[in-house]
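One letter stands for each residue in the lines below.
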Amino acid sequence: MSQRIIATTRKLRTLRIFACLLLGGLVLLAVGAPAGAYPRTDEDLIETSCGDNQTTSILIAYDTIHGSTAEVAEFIGEDLCARGFKVDVRLAANVTDISPYSAVIVGSAIYQFAWLEGATTFLRQNEQALSTLPVAFFIVGASMAEDTPETREAVKQQFVDPVLQEFAAITPVSIGLFGGAVDFMANEYNFMERIVLRILGLFLGYTNSADWRNWNTIGDWIGEAAALLNGE
Ligand SMILES: Cc1cc2nc3c(=O)[nH]c(=O)nc-3n(C[C@H](O)[C@H](O)[C@H](O)COP(=O)(O)O)c2cc1C
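Just so it is clear, the model here is predicted, and its values are computed rather than measured.

Draft legend 1. Just the environment of T56, in detail. Mapped onto the fold, T56 is located in the loop between strand 1 (48-50) and strand 2 (57-63). Distance in space between the C-alpha atoms of T56 and K86 is 5.9 Å, their sequence separation being 30 residues. Beyond its immediate sequence surroundings of up to four residues, T56 is in contact with F85, K86, S102 and N230.

Draft legend 2. Focus on the state of the cysteines. Summed over all chains, the structure comprises 1 disulfide. A sulfur-sulfur distance of 1.9 Å marks the disulfide that ties C50 to C81. One quick way to see it: the torsion about the S-S bond of C50 and C81 is about 90°, and its sign makes the bridge right-handed. With C50 in strand 1 and C81 in helix 2 (residues 68-82), the pair connects residues that are 31 residues apart, well separated along the chain. Given the relative accessible area of 15%, C81 is considered buried.

Draft legend 3. Representation of the environment of L59. Relative to the helices and strands, L59 is located in strand 2. Leave out the neighbours within four places in its chain, and L59 touches D88, R90, V95, I98, Y101, A103, V104, I105 and F122.

Draft legend 4. Spotlight on the site of the ligand. Around the ligand, the structure places 23 residues, and the nearest of them are T64, T69, I110, Y111 and S143. A distance of 2.9 Å separates an oxygen atom of the ligand from a polar backbone atom of I65. One of the side-chain N or O atoms of S143 is found 2.5 Å from an oxygen atom in the ligand. Protein burial of the ligand: of its 640 Å² of free accessible surface, 98% is covered by the chains. Elements with a contribution of two residues or more to the shell around the ligand: helix 1 (2-30), helix 2, strand 4 (103-111), strand 6 (135-141) and helix 6 (191-204). Tallied by class, the residues present in the shell around the ligand amount to 13 nonpolar, 9 polar and 1 charged.

Draft legend 5. Spatial organisation of the packing of helix 2 against helix 7 (residues 215-229). Viewed as axis vectors pointing N to C, helix 2 and helix 7 meet at an angle of 50°, and their least axial separation amounts to 10 Å. What the angle tells us is that helix 2 and helix 7 run oblique. Crossing of helix 2 over helix 7 shows right-handed handedness. On helix 7, the residues that touch E71, V72, F75, I76, D79 and L80 of helix 2 are W215, I218, G219, W221, I222 and A226.

About the criteria used
Residues numbered from 1 in each chain as written. Predicted model: local features only at pLDDT ≥ 70, side-chain atom pairs only at ≥ 80, totals over all residues. Heavy atoms only, no water. Helix = DSSP H or I, 4+ residues; strand = E, 2+ residues; numbered from the N terminus. Contact = heavy atoms within 4.5 Å. Disulfide = S-S within 2.5 Å. Buried < 20%, exposed > 50% of the residue type's maximum accessible area, 1.4 Å probe, protein only. Near = heavy atom within 4 Å. Polar contact = N/O pair within 3.5 Å; in protein donor to acceptor, adjacent residues only side chain to side chain. Areas by Shrake-Rupley, 256 points an atom, 1.4 Å probe, with all protein chains shown as cover. Nonpolar A, V, L, I, M, F, W, Y, C, P; charged D, E, K, R; others polar. Axes fitted to C-alpha atoms, helices over the stretch in contact; angles between N-to-C directions. Parallel < 35°, antiparallel > 145°, perpendicular 65-115°, else oblique. Left-handed = near helix turned anticlockwise from the far one by under 90°.

So this is what it looks like as structure tokens:
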């Protein structure tokens, strides 16, 4: 009985998160919104390289507005270097040539129920080449605030399946679903973002900040993805 109550409570919470994000998205669409130039500040853009003396080279191409996805990309890069790969972490829009890489990881923050344009443009421009390489995806969003089988399924259906359909030539070996972050102190939110995130805070129980990125979960995913990208 109590298991049923817990499962129902989880489902309701998942529904609340999605309803809230939908509401936020509709508010933004109604006023013709988003986000202005991004990454929003210099700190929100992270580009690193490591593992120069290694032979297998992996590109992590990501898109972000407020930097939490950039930090996830950086973390993945450091971990992969420690596992013996050469890694470049780049903003997707800054990548001009993927031919030097043996594998590619593409990551995006989720805004208004979709991947950011820099990530989808990267997929579009490189679809042919990516169809012949080992590829992994990861996404970062508030709807993974609570990591349950129900949220994973809903997030996959809502945010991953449309991308898999649009870029059908690309078959990722692994897809990481990660919680995102909100920080009213550190991030420069515009007016509409503030409204959406304040509403979200009412549902998710934060006032000024929340960080749902679980670095252990991300670390576990990197281990799995690294083996698959390496053809193991
Ligand atoms: C205006 C706005 C819309 C958002 N829409 C979604 C959404 O549809 N789904 C979701 O999971 N998270 C959504 N979020 C939360 C962001 O994905 C989350 O804060 C993420 O960590 C931001 O990544 P970034 O810091 O790399 O930009 C939204 C956030 C804002 C400000």
